[in-house]
Structures are given as structure tokens and as C-alpha cells.
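Examination of the molecular architecture
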Amino acid sequence: LILFLLVGSFWIGYTSGINSQNGQEKIKPLGLSIVENKFYTDENKVDFSLFWKVWDLLKEKYVDQNSLDAQKMVYGAIRGMLRATDDPYTSFFDPKETKEFSQDIEGSFEGIGAELGIKDGVLTVIAPLDGSPAQEAGLLAGDKILKIGESMTADLTIDQAVDMIRGNKGTEVSLIVLHKGEEETREIKIVRRVIEIKSVKLEFKENNIAYLKIIQFGEKTGKEFDVAMNQIITKNSPAIILDLRNNPGGFLDKAVDISSRFVPRGRTVVIEEDAAGKKESIFATGGDRLGGFKTVILINEGSASASEIMAGALRDNLGTKLIGKKSYGKGSVQELIPLPNDSSVKITVAKWLTPNGDYIMNKGIEPDIEVDLTLEDFKNEKDPQMDKALEIVSGMIK
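Figured I'd write up the structure that's included with this text. (Residues numbered from 1 in each chain as written. Predicted model: local features only at pLDDT ≥ 70, side-chain atom pairs only at ≥ 80, totals over all residues. Heavy atoms only, no water.)

**Looking at the overall build of the chain**
Looking only at helices and strands, the chain features eleven helices and 23 strands. The proportion of buried residues among the 398 residues of the chain is 46%. Here the chain displays about 20,300 Å² of accessible surface, and carbon together with sulfur accounts for 50% of that area. (Helix = DSSP H or I, 4+ residues; strand = E, 2+ residues; numbered from the N terminus. Buried < 20%, exposed > 50% of the residue type's maximum accessible area, 1.4 Å probe, protein only. Areas by Shrake-Rupley, 256 points an atom, 1.4 Å probe, with all protein chains shown as cover.)

**So, the environment of Ile-176**
The topology assignment puts Ile-176 in strand 11 (residues 172-178). Assessed through its relative accessible area of 22%, Ile-176 is described here as partly exposed. The sequence separation of Ile-176 and Glu-187 amounts to eleven residues, and the corresponding C-alpha distance is 4.5 Å. Among all residues touching Ile-176, those that are not within four sequence positions of it are Lys-144, Ile-145, Leu-146, Lys-147, Thr-185, Arg-186 and Glu-187. (Contact = heavy atoms within 4.5 Å.)

**What to know about unusual backbone geometry**
You will see that Asp-86, though not glycine, has its phi angle at about 60 degrees, which is positive. By secondary structure assignment, the location of Asp-86 is in the loop between helix 3 (70-83) and strand 5 (91-93). Taking the relative accessible area as the measure of exposure, Asp-86 reaches 65% and is therefore exposed. The residue Asn-341 is not glycine, and still its phi comes out positive at about 60 degrees.

**Here we look at the packing of helix 8 (residues 252-259) against helix 9 (residues 306-318)**
Put simply, helix 8 and helix 9 touch, their axes get as near as 9 Å, and they point 30 degrees apart. Taken together, helix 8 and helix 9 sit at an angle that is classed as roughly parallel. In the packing of helix 8 onto helix 9, the handedness of the crossing is right-handed. Of the residues in helix 9, those touching helix 8 at Leu-252, Ala-255, Ile-258 and Ser-259 are Ala-306, Ile-309, Met-310, Ala-313 and Leu-314. Residue composition of the contact of helix 8 with helix 9, grouped by class: eight nonpolar, one polar and no charged. (Axes fitted to C-alpha atoms, helices over the stretch in contact; angles between N-to-C directions. Parallel < 35°, antiparallel > 145°, perpendicular 65-115°, else oblique. Left-handed = near helix turned anticlockwise from the far one by under 90°. Nonpolar A, V, L, I, M, F, W, Y, C, P; charged D, E, K, R; others polar.)

**Some words on the nonpolar core**
Counting 36 residues, the largest nonpolar core has Phe-225, Leu-242, Phe-262 and Met-310 as the members making the most contacts within it. Those elements giving two or more residues to this core turn out to be strand 15 (210-214), helix 7 (221-234), strand 16 (239-243), helix 8, strand 17 (268-273), strand 19 (294-299), helix 9 and strand 22 (344-353). Ranked by residues supplied to this core, first place goes to helix 9 with six residues. Once residues within four sequence positions are removed from consideration, Phe-225 is found in contact with Val-200, Leu-212, Ile-214, Ile-258, Arg-261, Phe-262 and Leu-290. If you look at the next biggest cluster of nonpolar residues, it comprises 16 residues, including Leu-116, Val-125, Ile-165 and Val-177. (Core = buried A, V, L, I, M, F, W, Y, C linked by side-chain atoms within 4.5 Å.)

Structure follows, in C-alpha cells:
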């Protein structure tokens, strides 16, 4: 009951906390609101009785009362409260969603294998995961998803969209998407399967150049990266192409740890700014065994969050060249907080800036050398971005 009172109070604090003053709407600051279950004239006090009034009206008048689940109504109130922040990254997970989110981070789940976000109010593909059904079916970073099955996506939250797209292996989902630069939508049908995500891939190109791809920053990424790092050192590679394309991010601490394999101890990897505007630098932890290697980084529209942190850290500290397209632009940090009954909440707790103080939210990181990868390139299995990276590092080692 106490939890529900708190949740409901914040929701009402938003929905009924807008007053008309001199013809303008005034929002009551959440931090100043005082929750009471009765009417007040004080503008900083929130009337919580409205919530209970509607609750009681549902119990009294709703035509199909037996279909109402009080627990689901609580979850719905929480989701409505968080949605009122207008922050797509602040969200609530019920017990089922909490379990699925944990599986995503651990690197094993059933679905299509794509990271989604809300950009400019539209459900957008941040990145299809490497080797996933989504990538194989032709889903691209930046694609706008307008319809899932028979449902329009205009009013869906990320959580609702993910829940509709996710499903048992072997089943099919139909998406209506709009590729960037195209005017006509197209239908993409994707068969779901078990997604096993390996965080790091390594191969060696011509002249023993190391091609190192980080797919996401998950629980196992640090260990996988160190294995690859040791192989690069053992083979004495002359240069590294670090591929962060279509990397949707992950844990901030993993991005800091892996960036520390390049950036010397004590250098700033990322700057966090809290709600009060206080800035705190997060420093490299040491072990920069790859710092002396000639390196370029590949980024694109699917490089988001932790991958942008790493790209910014190496660019600002080491002058590492970025090749490809402008990154996604997610400059915020979320904290996952466990709640009772195996539910959880993910709340944006800070902004982040690159070591040089750039805030990249919604604007991304511009590459030093812009190279496009078109839909035709993708279909013909061409990669001009990789070609340019090989050209650049080959020139560096001569």
C-alpha cells in the first residue's frame, strides 16, 4: 500500500500538477511537491485524492470488473508516471521483463536481435546485433519501425514495442519499416530464434592488421576483450581497426575498463553530470597495453551509449581517427534499481560528456572521415567504411 501511494502520488504530481497562471501552464517541480490525500490551495502540494477517486470509480462502474487486475493497474500507474518524464530510457520492468532484461545483458535470449530506441518520437532501430535474424533479414541502423504486425507503433513505449517483437524461437514477426533515404515503406519478416551474443570478435586482415569488433558492452565483454588483446600483442600486429558500428552500448563500467586498455591511467574516459549540475570525471584504470598501437575506429548510426563513450575517450585522449557515419547520440546514464517481487526500474541518473566536454545527446559524434554504407552496398556485401579504414591504417604503418 505504501509503495502504491508513493507511485500514485508521483503520477498525479505530473498529471494534475499543471496550473494555469496568466494563461500559461506551470509545472510543479517534483522535488518541491508535498503529497497529501486531500485538497490544498498551496501550489506546491499535490492532491492525491483524484487518483483514489478514479480507482474507486473503476471498481464501482467498470463494465467488466472481473477482468481488472489490481497488480497490473499498479504496474500501469508506474509506467504512466515514468512515461511522463518524456525520457525513453527511464522505464519500469515487471518481473517477466526484469528477467528478460537480465538475459539480454548476459547475452542470451529469444527474439530478433535488435536494439530499439525512440528518436524524434518514432520507434527506431539503434542497431541490429551482428549475425542476428534482424541483420540477416535486412533491418538497418536508423530504420524507422512504423508497424509491428497489425499494430501501429506511434503510441508505443520501447517496452511495449520490445514485448511485441520478442517471442519464441521459430515464430515470425512482420515489421513495416522505412529505410533512411527512402520514401516508400517495406515489409520485413523476421523469424525469431535464440540469440547468443559474443561480445568481441577478432580477425587479422592483410599485413597482419587486427580487426577487432566489439558488439556490445555486457557482463562478459571485458574477459573476451582481454583474450583478443593478448592475441593481438602475441602476433605483434602493426595496427588495429576497432569496429564499434551497430554497438548499442551496455554497461558504462565495461566501457571504462576496455577504454583503459588504450588510455593511460589517470586520463579522463568520460565525465558524468548529475541533476544538480555537478560534474565528475571517471578516469582510466590502467593497463593500457594497446595504447601504443596505431588505431582507427569505425562508427555509424548504430553506435550508441557505451560505444560512443569509448569512441570519444580514444578520440579526445589519443587523437584516434573516427571513420564512418555520425553516431546515434545517447548521452545519458541509467541505473537499474531492484524493486520488490522481482520487478525493477531503470532511471536516467546522469548525463555524460566526452573528456573534452562534448555533450552528444541527440547529436552524436561526428566522424573525422565520413564514409557512407548504402543499402546497395549492404545487399552486395560491400563495405566501403572498412575499405577506408584499411587504407588509412595501411598508410600509418608504412
